[in-house]
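# Examination of the molecular architecture
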Amino acid sequence: MKQFFSFNDVKSNYKELLNKALDYKKNPFTDKHIGENKTVGLIFFNPSLRTRLSSIKAAYNLGANVWVLNAGSDSWTLEMADGTVMDGNSQEHIKEAIQVMSAYCDVLGVRTFPNLKNKDEDYNEVILNKVVENSSVPVVSLESATLHPLQSFADLITIAEYKKTERVKVVLTWAPHVRALPQSVPNSFADWFSQIDFVDFVITHPKGYELNEKFTNGSQIIYDQDEALKDADFVYAKNWSSFTDYGKILSNDSSWTVTKEKMNLTNNGKFMHCLPVRRNLIVSDDVLDSDSSIVIPEATNRIFSAQTIFSECLKSK
Amino acid sequence: MKQFFSFNDVKSNYKELLNKALDYKKNPFTDKHIGENKTVGLIFFNPSLRTRLSSIKAAYNLGANVWVLNAGSDSWTLEMADGTVMDGNSQEHIKEAIQVMSAYCDVLGVRTFPNLKNKDEDYNEVILNKVVENSSVPVVSLESATLHPLQSFADLITIAEYKKTERVKVVLTWAPHVRALPQSVPNSFADWFSQIDFVDFVITHPKGYELNEKFTNGSQIIYDQDEALKDADFVYAKNWSSFTDYGKILSNDSSWTVTKEKMNLTNNGKFMHCLPVRRNLIVSDDVLDSDSSIVIPEATNRIFSAQTIFSECLKSK
Amino acid sequence: MKQFFSFNDVKSNYKELLNKALDYKKNPFTDKHIGENKTVGLIFFNPSLRTRLSSIKAAYNLGANVWVLNAGSDSWTLEMADGTVMDGNSQEHIKEAIQVMSAYCDVLGVRTFPNLKNKDEDYNEVILNKVVENSSVPVVSLESATLHPLQSFADLITIAEYKKTERVKVVLTWAPHVRALPQSVPNSFADWFSQIDFVDFVITHPKGYELNEKFTNGSQIIYDQDEALKDADFVYAKNWSSFTDYGKILSNDSSWTVTKEKMNLTNNGKFMHCLPVRRNLIVSDDVLDSDSSIVIPEATNRIFSAQTIFSECLKSK
């Protein structure tokens, strides 16, 4: 595997990778030879808890070494634009930075958030693409401007573990938040689960929160949350800012908070969220603290999604 | 061992652990198998030098991997209160954060300072208790609001190494400082050394600096520093802010600085301090730079106190 | 090897070390036993990308563990002066800090920049000397106030790899920049390459930018950049602030930028820079993006310069 940015990169073999991840969960250290004499490099342009620690753990499970760079605080301010005379604040061009960093590792993970101001820049994945262009080793997205594939893969592992029937209904629901958040998690979730063969996928959100059709792949959108949740096996809550009115908060309607009453509409459904989650805003305490919440196993599976992807990257190197 | 927060956690077997630590000092890598395929997670809510590096070294000595998280700068702002609507600055509840972080390691070390404003909150160890409640793996205090047990254990190792007689007199003395400091080190030192069987323990400080009786266990308090230091085998200096007039600085009396003259009152006593130490405020240069100072061996022993505790935690997991 | 600060430390055996580095490049993991049960400690008083990551990778290649400390943000504010009453902002004296940190590792790397305000303080290497005085393990400069020896060693490896003739002409050229930069890289480069036996070394810069003669060792200085570049096999560009008018920017003459036209004056010369480099200020895009640029192999060789030095230090310990 040379890159892992979106469902496209695993579309042909996602079932095989899913089985591999489930195997890793049972036997985390079975492939310790794969990482021998290998180094996983992790670059964070933005803060991270789960991605940072689960990626480190994943590397350790494979017997690999790790380095982590907080871009900015640990090193230099990077220039992204080509052709500029660098007489301002930027101290190093991303071209050199990535060429060099990729020389110091065997697979490169990169986290980079959208700025939510320039839709084209974000949706063209300007930074991620510069990373790929300049890296001499496989690149893994640790969340990019528009997608969060390691999260979606962990979500797939989790749903595969908890599903009780052949087919399951999975509902992605918008929920309120006080800050304008990226669309990367819902984009990614929609992209994956609209294409997983055992899933009936539904999206629900207030009008104006339509995600980019590139990622929803014609999924059913139901604007009435109660109707959407009916008979759901899995409820995946997430806030996002508007894609059409780019980066804007259009609603803070607290009736979209996922409560016990909402969960009662489902088929004894499981509650999921990528975390961090704002309690009593996205979801009520009584849901998050109940047995129907599987956010912790979901976060735990971040280890095995990363381990599977790193393993594929290290083998292909 | 499921937790290590105070002397209580080792009261029944501290002599055995002390011997183990002294063995580790002689043969640091003898238990490298214990950490195989294991990860030590370290979370710092506050800055740290010795605890950070000695804990990392301790884990390496056991053959374990390590990750370190600077809570706040590396990740998200945590909410501590239950039941709140998280529509403010806090991005993640400590409940989820700790459940998730403990899923990514085999033992969890946590450093968290008191705020020195709310005595009840500090002395109820609100943060540490939330960590314990939510952790799925053993938790080790890397200094909490009220105690610093890895330091006290290192102090015990050091005194055991340097004592020349069966019984020794150990004096904990307050010393002046310009900032209001936690009581965690002196609380912890008092809690341990008031219960170590080969120690005659005395505390000396200006009036108003009485420590919480919960930790002093009826130790002798002598308000005259000169009298207290008489015939001392070990002088343990430390500043702390007032417990009774909570978090306040009541004195900056420079006559409490530990000087050569003060040390001359002792039984050729050794000078100890947990570090960082402010020179010529807590202790004069001529003491700290003399042979009677054992602050560096004391700091070195932090490796072996941590190694012993991590070892016990990893075995019990 | 007990220390690595300047060319002096390797003057007697640099050819042997060069061969060792070239061997490591071919077989990075051949000496994995040398780092077994060993820990490389890295302290950064200033930001770093290449040095940080290449040093970590070097340690991993030797089978060693690593810890990294960002002095200041991770730990405490250090006091450098002797004899002061520490009642200000400094929380720990560098004496204790280094004694303790060196107790937690087997070789200590330290990065410390000049302040560019007090020439004597910088050129007396006050901080580095305090580190050496107080360290119980070998100390490696990760760039000091006046020198950057791991960079110069990597430059030597690179020139040895790319040279096509027995003797080569190497030109160090000043180039413009918007900020006042240390002289450590050019000092160090001059100190090494004025003493490498297969090199004809020339320095070119505007008047007033003369480096300390202690490091130039009587090298030829040509103030006309075009003349200096004539027939050069390697062009090493770098900005530095004035040594004589200490820390000042005396010129921002853009005619000193290394362009295609300038490179055409050379003997099909290779372009080098230690990075980070400001594009179109130090060097034009068309040079940096051309085949004559070897800045990425040069940065890659930072791994092998560090690996060779760490290896020597760990063996001597």
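Predicted model, so just to flag it, every value in this text is computed and none were measured.

Right, let's get into the sheet that holds strand S11 (residues 234-238) of chain B. Hydrogen bonds between backbone groups are what pair the strands of a sheet, and the pairing can be parallel or antiparallel. All names here are of chain B. The five strands are arranged S10-S9-S8-S11-S12 in an open sheet whose pairing can be described as parallel. For this open sheet the edge positions go to strand S10 (220-221) and strand S12 (270-272), each flanked by a neighbour on one side alone. Relative to S10, strand S9 (residues 199-204) runs parallel, the two being bridged by two bridges. Following the sheet pairing, Val 202 is matched in S10 by Gln 220. The sheet contacts of helix H7 (residues 184-193) involve strand S8 (168-174), S9 and S11, and relative to S9 the element is tilted by about 150°.

Turning our attention to helix H5 (residues 126-134) of chain C. The periodicity of an α-helix, 3.6 residues per turn, causes residues three or four positions apart to be oriented the same way. Residues and elements named next belong to chain C. Among the residues of H5, Leu 128, Lys 130, Val 131 and Asn 134 are the ones counted as buried. Projection of H5 onto a plane perpendicular to its axis shows the buried side chains occupying an angular sector of 160°, all on one side. Of the surrounding elements, those touching the buried residues of H5 are helix H3 (94-103), strand S6 (107-111) and strand S7 (139-141).

Turning our eyes to something else, we now look at the domain arrangement of chain A. By a widely used convention, the size of an interface equals the accessible area lost when the partners come together. Residues and elements named next belong to chain A. Taken domain by domain, chain A consists of domain 1 (3-147 + 302-316) and domain 2 (149-299). Listed by partner, the interface residues are 36 residues for domain 1 and 34 residues for domain 2. Of the roughly 3,000 Å² buried where domain 1 meets domain 2, counting both sides, 67% is carbon and sulfur surface. Three residues stand out in domain 1 for area buried against domain 2, namely Leu 116, Tyr 123 and Arg 302, and they jointly supply 25% of the buried area on that side.

For the pair chain B and chain A, the best superposition has an RMSD of 0.0 Å and corresponds to a rotation of 120° with a translation of 0.0 Å parallel to the axis. What we have between these two chains is a three-fold relation.

Residue and element names in this part refer to chain C. When you line up the elements, Ser 219 lands in the loop between helix H8 (213-216) and strand S10 (220-221). Between the C-alpha atoms of Ser 219 and Phe 198, which are 21 residues apart in sequence, the distance is 14 Å. Discounting residues that sit within four places of it in the chain, Ser 219 has contacts with Ser 194, Phe 201 and Ile 203. Reaching out from Ser 219, the side chain makes a polar contact with the backbone oxygen of Thr 216 at a distance of 2.5 Å.

Residue and element names in this part refer to chain C. Taken in spatial order, the five strands make up an open sheet running S1-S7-S6-S2-S3, and their pairing is parallel. At either end of the open sheet lies a strand with only one pairing partner, and these are strand S1 (3-4) and strand S3 (65-70). Inspection of the sheet shows strand S2 (residues 39-44) paired to S6 by five bridges, in the parallel sense. Each residue of the ladder has a partner; that of Leu 42, found in S6, is Gly 109.

Residues and elements named next belong to chain A. The topology assignment puts Ser 188 in helix H7 (residues 184-193). Under the relative-accessibility criterion, Ser 188 is labelled buried at 1%. The residues touching Ser 188, leaving out its near neighbours within four places in the chain, are Leu 147, His 148, Pro 149 and Ser 152.

What follows concerns unusual backbone geometry. Here the residue pair Leu 275 of chain B and Pro 276 of chain B is connected by a cis peptide bond, since its omega of 0° sits within 30 degrees of zero. Relative to the helices and strands, Pro 276 of chain B is located in the loop between S12 and helix H11 (285-288). The backbone of Asn 217 of chain A sits at a positive phi, close to 50°, despite the residue not being glycine. Relative to the helices and strands, Asn 217 of chain A resides in the loop between helix H8 (213-216) and strand S10 (220-221). On the accessibility criterion, Asn 217 of chain A (37% relative accessible area) is partly exposed.

On to empty space enclosed by the protein. All names here are of chain B. Scanning the entire structure with this criterion turns up one cavity of 30 Å³ or more. Here the largest cavity defines a volume of roughly 30 Å³. Looking at the lining of the largest cavity element by element, the count peaks at three residues for helix H2 (residues 50-61).

All names here are of chain B. Between H2 and helix H12 (residues 295-316), the least distance of the axes is 8 Å, while the angle of their chain directions is 50°. Here H12 runs oblique to H2, going by the angle between their axes. Considering only the axes of H2 and H12, their crossing is right-handed. Seen from H2, the contacting residues are Arg 50, Thr 51, Ser 54, Ser 55, Lys 57, Ala 58, Ala 59 and Asn 61; seen from H12, they are Ala 299, Arg 302, Ile 303, Phe 304, Ala 306, Gln 307 and Phe 310.

With that settled, the discussion passes to the interface of chain B and chain A. On the side of chain A, 32 residues touch chain B, which itself brings 28 residues to the contact. In this assembly, chain B packs against chain A so that about 2,700 Å² is buried in total across both faces, 58% of it on carbon and sulfur atoms. Ranking the residues of chain B by area buried against chain A places Asn 37, Trp 76 and Tyr 104 of chain B at the top, with a combined share of 25%. Applying the counting criterion to the chain B and chain A interface returns three salt bridges. Salt-bridge contacts for Asp 289 of chain A lead to Lys 95 of chain B; the nearest nitrogen and oxygen are separated by 3.3 Å. Inspection of the region where chain B meets chain A yields eleven residue pairs in polar contact (both at pLDDT 80 or more). Where the side of chain B that touches chain A is concerned, the elements lending two or more residues are strand S3 (65-70), strand S5 (92-93) and helix H3 (94-103) of chain B. The biggest single contributor to the side of chain B that touches chain A is H3 of chain B, with seven residues. Tallied by class, the residues present in the side of chain B that touches chain A amount to eleven nonpolar, twelve polar and five charged.

What counts as what
- Residues numbered from 1 in each chain as written.
- Chains lettered and ligands numbered in written order.
- Predicted model: local features only at pLDDT ≥ 70, side-chain atom pairs only at ≥ 80, totals over all residues.
- Heavy atoms only, no water.
- Pairing = 2+ DSSP bridges.
- Helix = DSSP H or I, 4+ residues; strand = E, 2+ residues; numbered from the N terminus.
- Contact = heavy atoms within 4.5 Å.
- Axes fitted to C-alpha atoms, helices over the stretch in contact; angles between N-to-C directions.
- Buried < 20%, exposed > 50% of the residue type's maximum accessible area, 1.4 Å probe, protein only.
- Arc of directions from axis to C-beta.
- Domains from an automatic or database assignment.
- Buried area = accessible area lost by both parts, 1.4 Å probe.
- Least-squares fit on C-alpha atoms with pLDDT ≥ 70 in both.
- Polar contact = N/O pair within 3.5 Å; in protein donor to acceptor, adjacent residues only side chain to side chain.
- 1 Å grid on protein atoms, 1.4 Å probe; cavity = no way out; pocket = protein on both sides within 12 Å on 5 of 7 lines; lining within 4 Å.
- Points joined across faces, edges and corners; volume = space filled by probe spheres on them.
- Parallel < 35°, antiparallel > 145°, perpendicular 65-115°, else oblique.
- Left-handed = near helix turned anticlockwise from the far one by under 90°.
- Salt bridge = Lys/Arg side-chain N within 4 Å of Asp/Glu carboxyl O.
- Nonpolar A, V, L, I, M, F, W, Y, C, P; charged D, E, K, R; others polar.

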